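# Topology and contacts: notes
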Amino acid sequence: MHLPAFFESAPRIIVRDPLARFLGAADDGILEFAYADAVKLAGHSCPTVASAYLMTRAALRALHPDALPERGGLRVEFRDDRLAGATGVVANVVGLLTGATADGGFKGIGGHFDRRNLLFFGVSLPGQMRVTRTDTHAAVDVSVRLDRVASDPRMPALLPACLHGTATAEELALFRSLWQARVERLLIDHADDPDVIIIERLRTRP
C-alpha cells in the first residue's frame, strides 16, 4: 500500500483504552493513531479529515496535559446536525480517536466500558465541537479555520474537469498533487497553529 510520504510526518495521537487493556488487545491499553488511520476510516484524505484529526488532537492535549487521554472517557458534542455538511465525516474520525459513539457503539461488559451515549449533534455551542472528560467534566471547545490554509488558485478550474472526466492525465495528476499539498500544509505546518485550530478551555462543569 502506497500512501503520500507526508502522512508519516503528521503528528501521532497516543491514548490509553481501558477496554483494550482489559481484553489484552494492547499492552497497558496504549493505542497509537496515525493520520493514515483516519484516512483508512474515511476512505480519503482531505482538509476535513485532517482538521478532524487535528481538532481531536488539540482537545486531548488540552484536557490531558500531563497524562495519556483515556479513550472511552470523553463526551463529544457537535454544533451542527449529523447530516449537515461534513459533520458526519468529522464525527467518524473523532469517534475513532476518542471511542465516543451515539447509540450504536459497544454496550460494555458487566456495566463497564460502555461507549454509547457519548456522541451528540445539534447542540448549542459557540464552537464547532466540544469535548468533555467524563471523570472531571473539564471541557474544551474546538473549531477549525480552514480558510487560513487556502487551496491553490488553480483548483477551481481543475476540479470540475476532473469530476466530469474531461481532464488530461497531466491535469488529473496536478489536481491530486495540489489537493494533497493543502492537506500536507495543514498537518505539518499548522498542526499547532492557534489561528487555524482554535481551542477554548471552559470552566469545569459540576
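Residues numbered from 1 in each chain as written. Predicted model: local features only at pLDDT ≥ 70, side-chain atom pairs only at ≥ 80, totals over all residues. Heavy atoms only, no water.

With mixed pairing, five strands are arranged side by side in an open sheet as β4-β3-β5-β6-β7. Pairing within the sheet leaves two strands with one partner each, and these edge strands are β4 (119–120) and β7 (197–202). The sheet strands contacting helix α3 (residues 47–63) are β3 (74–78), β5 (129–133), β6 (139–144) and β7, and the helix crosses β6 at an angle near 155 degrees. Where helix α4 (residues 87–98) meets the sheet, it contacts β3 and β5, and its direction lies at approximately 175 degrees from that of β3. (Pairing = 2+ DSSP bridges. Helix = DSSP H or I, 4+ residues; strand = E, 2+ residues; numbered from the N terminus. Contact = heavy atoms within 4.5 Å. Axes fitted to C-alpha atoms, helices over the stretch in contact; angles between N-to-C directions.)

Both the distance between ring centres and the angle between the ring planes are used here to describe each pair of aromatic rings. A full pass over the atoms with the stated rule returns six aromatic pairs. Ring centres of F6 and F7 lie 5.0 Å apart, and the angle between their planes is 85 degrees; on these two criteria the pair is classed as edge-to-face. Across the pair, F7 and F6 agree in class, each one buried. With a centroid separation of 5.0 Å and an interplanar angle of 90 degrees, the aromatic rings of F7 and Y35 are classed as edge-to-face. On the criterion of sequence distance, the pair formed by F7 in the segment before β1 (13–16) and Y35 in helix α2 (residues 35–42) is long-range, its members being 28 residues apart. Just as F7 is buried, Y35 falls in that class too. Through successive ring pairs, a cluster of aromatic residues spans F6, F7, Y35 and Y53. (Phe/Tyr/Trp six-rings, centres within 6.5 Å; stacked < 30°, edge-to-face > 60°. Buried < 20%, exposed > 50% of the residue type's maximum accessible area, 1.4 Å probe, protein only.)

This part is about the pattern of salt bridges. What the rule picks out here adds up to 16 salt bridges. Taking the shortest distance from any N to any O, the salt bridge between E8 and R12 comes out at 2.9 Å. Judged by relative accessible area, which is 58%, E8 ranks as exposed. By relative accessible area, R12 is classed as partly exposed at 36%. Among the ionic pairs, E77 bridges to R75, the shortest N-O distance being 3.4 Å. Each of the salt bridges in this network shares a partner with another, and the network as a whole consists of E8, R12 and E32. (Salt bridge = Lys/Arg side-chain N within 4 Å of Asp/Glu carboxyl O.)

Here we come to helix α6 (residues 169–189). In this model α6 runs 29 Å from its N-terminal to its C-terminal C-alpha over 21 residues, within 8% of the 30 Å that 1.5 Å per residue would give. Within the sequence span of α6, burial applies to F175, L178, Q180, R182, V183, L186 and L187. Buried residues along α6 sit against α2, α3 and α5 (155–163). (Expected span 1.5 Å × (residues − 1).)

Of all six residues making up β6, six are buried, and the element is well covered by its neighbours. In β6, alternate side chains face the same way, and those of A139, D141 and S143 on one face and V140, V142 and V144 on the other are all buried. With four bridges connecting them, β5 and β6 associate as antiparallel partners. Note on β6: the bridge partner recorded for M129 is V142. Connecting the antiparallel pair β5 and β6 is a turn made up of five residues, with H137 showing a positive phi of about 70 degrees. Of the pairings in the sheet, the one linking β6 to β7 comprises six bridges and is antiparallel in character. Directly across from V142, in β7, lies its bridge partner I199.

This next bit is on the environment of R61. Mapped onto the elements of the fold, R61 is located in helix α3. The exposure class assigned to R61 is partly exposed, which follows from its relative accessible area of 46%. Considering only alpha carbons, one finds R61 and I13, 48 residues apart in sequence, at a separation of 9.3 Å.

What follows concerns the nonpolar core. Counting 46 residues, the largest nonpolar core has Y35, Y53 and L187 as the members making the most contacts within it. For this core, the secondary structure elements donating two or more residues are β1, α2, α3, β3, α4, β5, β6 and α6. Broken down by element, the residue count for this core peaks at 11 residues, all from α3. Setting aside chain neighbours within four positions, we find Y35 in contact with F7, A10, S45, C46, V49, A50, Y53, V183 and L187. (Core = buried A, V, L, I, M, F, W, Y, C linked by side-chain atoms within 4.5 Å.)

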